[in-house]
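Results of the structural survey
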Amino acid sequence: METRKMDKYRMLAGIILFGSLWGMLECIIGEISPSWFPGAAFLGGGIGLGLMMLTRRLYGAMWMQLGMAIVAGVVRFWSPVIGTCVVCSALAIMAEGLIFELIFNRPTFNIHGTGALNMRKPGTLAALGIISGFTIFTVGFMVTQIMTPLLTGGIFTFSNFIGNMPSYVGTGFFAALFGAVSLPLAVLVKQLHIDIETVKNTWYYTAAGGISACCWVLVFAFPYA
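The following paragraphs examine the structure supplied in this document.

Conventions we followed
- Positions within a chain are numbered from 1, following the residues in the order the chain's sequence is written.
- Reporting in this predicted model follows two pLDDT cut-offs: at least 70 for local features of residues, and 80 or more for side-chain atom pairs to be given and counted; totals over whole chains, interfaces and linings ignore these cut-offs and use all residues.
- The side-chain quantities take in all heavy atoms of the structure and omit both hydrogens and water.
- The helix and strand labels rest on DSSP assignments: H or I over at least four residues marks a helix, E over at least two residues marks a strand, and numbering proceeds from the N terminus.
- Expected helix span is computed as 1.5 Å times (number of residues minus one).
- Exposure is judged per residue with a 1.4 Å probe applied to protein chains only, and the accessible area is read against the type maximum: over 50% gives exposed, under 20% gives buried, and values in between give partly exposed.
- Only heavy atoms matter for contacts: two residues are in contact if any of them lie within 4.5 Å across the pair.
- The convention used is that axes are lines fitted to C-alpha atoms, helices contributing only their stretch in contact, and that angles between N-to-C directions extend from 0 to 180 degrees.
- Each angle gets one of four labels, with under 35 degrees taken as roughly parallel, over 145 as roughly antiparallel, 65 to 115 as roughly perpendicular, and the rest as oblique.
- Gly falls in the polar group here, along with every residue not listed as nonpolar (Ala, Val, Leu, Ile, Met, Phe, Trp, Tyr, Cys, Pro) or charged (Asp, Glu, Lys, Arg).
- Two aromatic rings, drawn from Phe, Tyr or Trp (for Trp, its six-membered ring), form a pair once their centres lie within 6.5 Å of each other, and the interplanar angle then sorts them: stacked below 30 degrees, edge-to-face above 60, tilted otherwise.
- To sit over a ring, a charge needs its Lys NZ or Arg CZ within 6 Å of the ring centre and within 35 degrees of the ring normal.

Turning our attention to helix α3 (residues 64–78). Here α3 contains 15 residues, and its C-alpha end-to-end distance of 21 Å stays within 8% of the 21 Å for a straight helix at 1.5 Å per residue. Of the positions making up α3, those classed as buried are Met64, Gln65, Gly67, Met68, Ala69, Val71, Ala72, Gly73, Val75 and Arg76. Elements in contact with the buried residues of α3: α1 (8–32), α2 (39–59), α4 (86–104) and α8 (201–221).

Below is the structure:
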């Protein structure tokens, strides 16, 4: 599989930047979403999938997106936002990053390699967005239902897990719809593309550090606004 070579320090800065941005959006949008809006599905199939595919386009590096998910999960876990299960939310984000890597590290879905022509077709990308949005969200949801009790001293019961399956699958329908939009946008919209390798170090690291810091400040300041 063809991948683009990227300076490891630039990649690390990108992981922190986009992971912090993702974590901030998880904290804020997750809290302000009205009850009728499928906020979790939007964050998974729209924001999470979109940011992961955008960074795959910009950096061309495998496993970077898992790093982003870990950073975003840490932001979500340590945020002072209350009213939601921060442990299960953080686990879901990290699981989504791992599932993304398992799907998009396959040569078939490489947007930079020799087979990338099909990955420029809107219909192909929309169909892939539906499948990946649904899979990333529902499998991530299921992982949290298993891991959260184990990590918090709770009790996992298989009957409850199976009984909640229709809820996981039903909510995944919305994640699939959001994925059908976010994936083509992340790959095709020219305005979202930046040649990372041509940005001067001073500008790149200053912007990455400043934006990351702003994301963390907003996360911790939001509950008191």
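Quick look at the packing of α3 against α4 now. When two helices pack together, you describe them by how their axes are tilted relative to each other and by the distance separating the axes. Packing of α3 against α4 leaves a shortest axis separation of 8 Å and a crossing angle of 175°. One finds that α3 runs roughly antiparallel with respect to α4. Touching Met64, Gln65, Leu66, Ala69, Ile70, Ala72, Gly73, Val74, Arg76 and Phe77 of α3 are Val86, Val87, Ser89, Ala90, Ile93, Met94, Gly97, Leu98, Phe100 and Glu101, all from α4. Considered class by class, the residues forming the contact of α3 with α4 number 14 nonpolar, four polar and two charged.

As a further point, take the packing of aromatic side chains. Applying the stated criterion across every chain yields a total of 16 aromatic pairs. For the pair Phe137 and Phe141, a centre-to-centre distance of 5.8 Å together with 70° between the ring planes defines the contact as edge-to-face. Of this pair, Phe137 and Phe141 both sit in helix α5 (residues 122–152), four residues apart, which is roughly one turn of the helix. Judged by its relative accessible area of 5%, Phe137 is buried. Residue classification places Phe141 among the partly exposed positions, given a relative accessible area of 25%. A ring pair is formed by Phe173 and Phe174, whose centres lie 5.5 Å apart and whose planes are at 75°; its orientation type is edge-to-face. Classification of Phe174 as partly exposed rests on a relative accessible area of 37%. Taken together, the aromatic side chains of Phe137, Phe141, Phe156, Phe158, Phe161 and Tyr168 make up a single cluster linked through ring pairs. Looking at Arg10, its charged tip hangs above the ring of Tyr204, at a distance of 4.8 Å from the centre.

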